[in-house]
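Chain by chain, the residues run as shown.
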Amino acid sequence: MRLLLIGAPGAGKGTQATRIAEHFGVAHISSGDLLRHHVARGTSIGRRAKDYMDRGDLVPDALVMDMLRKPVIKATKAGGYVLDGFPRTVEQAQAAYRVAKGLGASVQVAVLLEVDSATLVARLVARGEEAGRSDDTQEVIEHRIAVYEERTQPLIDYYRQRERLVTVNGDRPVDEVTWSVIVQLERVRRLLTD
Ligand code: AMP
């Protein structure tokens, strides 16, 4: 099963991606987590990505694509993946599709986590206080949400027209959200194997 999650910052993508990956026994690949590891280790990817991340801007496509190529191919061979945070733009989705289709690694289903924007800001401010993330300050959060609305939301229509799109209301308690995603994905999985 190869799927991806779309959701604004603070929609709960990371939490849900971990649980979905565990349920289906596939790899959870988070572009944001991988980038933060590169920054922490001071790699060349990390050094080139840091300023964009601190401002809440998107890191250039080529950096993200290079970073993800190996983990996505490896996960595909091992049974699939849950991508969390990638693609972030229609251009990334198109570029990823061009690379992945020949490898049998392209995405089969997209999951949209819908959360009201007031809830997002409150969750992110709380998370910044807990985790000390340098991009979870009020100003950067608002910018990241604006970037999501402008650059990432068009992906919803892109996937609605191409692949299967599963939509869930992410405003509910996390266990209910997980349950609802998994029930819908199980249905899709049966269709894919039929
Ligand atoms: P996230 O943890 O998904 O919220 O990502 C944190 C930050 O990493 C974002 O604000 C971007 O600066 C960067 N980032 C993560 N994924 C991508 C991506 N697919 N394309 C560009 N930048 C990304």
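How each quantity is defined
Residues numbered from 1 in each chain as written. Predicted model: local features only at pLDDT ≥ 70, side-chain atom pairs only at ≥ 80, totals over all residues. Heavy atoms only, no water. Helix = DSSP H or I, 4+ residues; strand = E, 2+ residues; numbered from the N terminus. Polar contact = N/O pair within 3.5 Å; in protein donor to acceptor, adjacent residues only side chain to side chain. Contact = heavy atoms within 4.5 Å. Expected span 1.5 Å × (residues − 1). Buried < 20%, exposed > 50% of the residue type's maximum accessible area, 1.4 Å probe, protein only. Salt bridge = Lys/Arg side-chain N within 4 Å of Asp/Glu carboxyl O. Near = heavy atom within 4 Å. Areas by Shrake-Rupley, 256 points an atom, 1.4 Å probe, with all protein chains shown as cover. Nonpolar A, V, L, I, M, F, W, Y, C, P; charged D, E, K, R; others polar.

### Focus on the side chain of R2
By the secondary structure assignment, R2 is in strand β1 (residues 2-6). At 3.5 Å, the side chain of R2 and the backbone oxygen of G104 are in polar contact. Sequence-distant contacts of R2, defined by excluding residues within four places in its chain, comprise T76, G80, Y81, G104, A105, S106, V107, Q108 and V109.

### Concerning the side chain of K13
Relative to the elements of secondary structure, K13 occurs in helix α1 (residues 13-24). Here the side chain of K13 touches G7 through a polar contact of 2.9 Å, landing on its backbone oxygen. The residues touching K13, leaving out its near neighbours within four places in the chain, are L5, I6, G7, A8, D84, G85 and L113.

### Description of helix α5 (residues 90-101)
With twelve residues, α5 ought to run about 16 Å at 1.5 Å a step, and its terminal C-alpha atoms sit 16 Å apart, in line with that. If you check which residues of α5 are buried, you get V90, Q92, A93, A95, A96 and A100. If you follow the buried residues of α5, they end up packed against α4 (61-77), α7 (138-152) and α8 (154-162).

### Quick word on the pattern of salt bridges
Counted according to the given criterion, the structure contains eleven salt bridges. Among the salt bridges present, the one from D57 reaches R55, with a minimum N-O distance of 2.9 Å. Between R151 and E91 there is a salt bridge, with the nearest N and O atoms lying 3.7 Å from each other. Of the two residues, R151 is situated in helix α7 and E91 in helix α5; the sequence distance between them amounts to 60 residues. Given a relative accessible area of 34%, R151 falls into the partly exposed group. By relative accessible area, E91 is classed as partly exposed at 42%.

### Quick word on the site of the ligand
Residues in contact with the ligand amount to 16 residues; listed here are only the nearest, S31, R36, D57, G85 and Q92. Within the contact set of the ligand, an oxygen atom lies 3.0 Å away from a side-chain nitrogen or oxygen of R36. The backbone of G85 places a nitrogen or oxygen atom 3.0 Å from a nitrogen atom of the ligand. Here the ligand, which alone exposes 480 Å², has 96% of that area covered by the protein. Per-element tally for the shell around the ligand: the top contributor is helix α2 (residues 31-41), with four residues. The residue inventory of the shell around the ligand, partitioned by class, reads six nonpolar, four polar and six charged.

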